[in-house]
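A look at the structure
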Amino acid sequence: MTESDLELVRLERNRPEMRRLMTTDHEITAEETVKWFRSLPEESKYWMVEMAGRIVGQINFKSRGDNEAESGFIFWDEDFKKGGGPLWAILTLYHLAFNVYGMKKLHGVVLEENVPAVKITKYFGFQQVGEQVINSKRFLVFELSAAEYAIASAPYRKFFHKLEKENFNGSV
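The sections below set out a description of the structure shown in this document. (Residues numbered from 1 in each chain as written. Predicted model: local features only at pLDDT ≥ 70, side-chain atom pairs only at ≥ 80, totals over all residues. Heavy atoms only, no water.)

**Remarks on the packing of aromatic side chains**
So the rule is basically this: The rule is short: rings of Phe, Tyr and Trp, with Trp giving its six-membered ring, pair when the centres are within 6.5 Å, and they are stacked under 30 degrees, edge-to-face over 60, tilted in between. Burial classes follow relative accessibility: with a 1.4 Å probe on protein chains only, a residue under 20% of its type's maximum area counts as buried, one over 50% as exposed, and anything between as partly exposed. We count a stretch as a helix when DSSP gives it H or I for four or more residues in a row; a strand needs E for two or more, and each element gets its number in order from the N terminus.
This model, assessed by the stated rule, comprises 12 aromatic pairs. With 5.3 Å between their ring centres and 50° between their planes, Phe75 and Phe80 make a pair best called tilted. The exposure classification of Phe75 matches that of Phe80, with both residues buried. Taking the centre distance of 5.0 Å and the plane angle of 25° together, the rings of Phe98 and Tyr149 count as stacked. Within this pair, whereas Phe98 is found in helix α5 (residues 85–100), its partner Tyr149 is found in helix α7 (residues 146–152), the two being separated by 51 residues in sequence.

**Concerning the environment of Ala146**
Among the secondary structure elements, Ala146 is positioned in helix α7. Sequence separation between Ala146 and Val133 is 13 residues; the distance between their C-alpha atoms is 27 Å.

**Re the sheet that holds strand β3 (residues 68–75)**
The following threshold applies: Paired strands, as defined in this entry, are two strands with at least two bridges between them according to DSSP. Fitted lines through C-alpha atoms serve as axes, helices being fitted only where they are in contact, and the angles separating the N-to-C directions of these axes extend from 0 to 180 degrees.
The mixed open sheet is built from six strands, whose spatial order is β1-β2-β3-β4-β6-β5. Since the sheet does not close on itself, it has two edges, and those belong to β1 (45–51) and β5 (127–134), each with one partner. Adjacent strand axes in the sheet meet at a mean angle of 25°, parallel and antiparallel pairs treated alike. Summarising the sheet, β5 and strand β6 (residues 137–145) pair through seven bridges and their orientation is antiparallel. From the neighbouring strand, Gly130 faces β6, where its bridge partner is Val141.

**Considering the pairing of strand β4 (residues 105–111)**
Among the seven residues of β4, five are classified as buried, and the element is accordingly described as predominantly covered. As paired strands, β3 and β4 are joined by three bridges and run parallel to one another. The partner of Glu68 across the bridge, within β4, is Lys105.

**Observations regarding the nonpolar core**
Keep this limit in mind: Think of a nonpolar core as a cluster: buried Ala, Val, Leu, Ile, Met, Phe, Trp, Tyr and Cys residues, connected wherever their side-chain atoms sit within 4.5 Å.
Ranked by internal contacts, the top residues of the largest apolar core, which has 29 residues, are Phe61, Tyr94 and Leu106. In terms of residue count, the dominant contributor to this core is α5 (eight residues). Membership of the second largest hydrophobic core comes to 10 residues, among which are Leu6, Val9, Leu40 and Ile74.

**Quick word on the side chain of Asp77**
In plain terms, the rule: Here a polar contact is taken to be a pair of N or O atoms separated by no more than 3.5 Å, where protein atoms must pair a possible hydrogen donor with a possible acceptor and residues adjacent in sequence count only if both atoms sit in side chains. The contact criterion used throughout is that any non-hydrogen atoms of two residues lie within 4.5 Å.
One can find Asp77 in the loop between β3 and α4 (78–82). The exposure class of Asp77 is buried, given its relative accessible area of 14%. A distance of 2.8 Å separates a polar atom in the side chain of Asp77 from the backbone nitrogen of Phe80. When sequence neighbours within four positions are dropped, the list of residues in contact with Asp77 reads Met51, Arg54 and Val56.

**A word on the environment of Leu111**
Along the chain, the position of Leu111 falls in strand β4. A relative accessible area of 3% places Leu111 in the buried class. Linking Leu111 and Met22, residues 89 residues apart in sequence, is a C-alpha distance of 7.4 Å. Filtering out sequence-adjacent residues up to four positions away, Leu111 remains in contact with Arg20, Leu21, Val118, Lys137, Arg138 and Phe139.

As structure tokens, this is what we get:
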């Protein structure tokens, strides 16, 4: 993701149905978005997700230091969300974080009422380690270690091994 992508992400993220799922639920300005992006730790990685020539979402991990990061994703394209696209995009994010960038642990917060996101988070092996109230909304706090990810992702390893053999360069 580059600064040229920020306006699209901001507009999609500011849609009411998206904003209600976020920890920060006010309408974000262009200035706030640029300031946030420029303040990200250098080790953080943000990618745009593309399907059939159009941008359908964004995946990321924000470094916390010591090879730990907060992971996140947002998908706004309804056609993309209907199929297995989000599953593969999220799996790619976790693969990159653990197997390419050497993260030892990922953290995440998911709005409790966002049942699809809670299910997919648990599916990939994240363990719930707490709860947090942010802006009067209840979020579940999750963690996933590299070892737990290796177990949960075993069925997909062949797929990623093939990508790596074909010189997958880390772009999504």
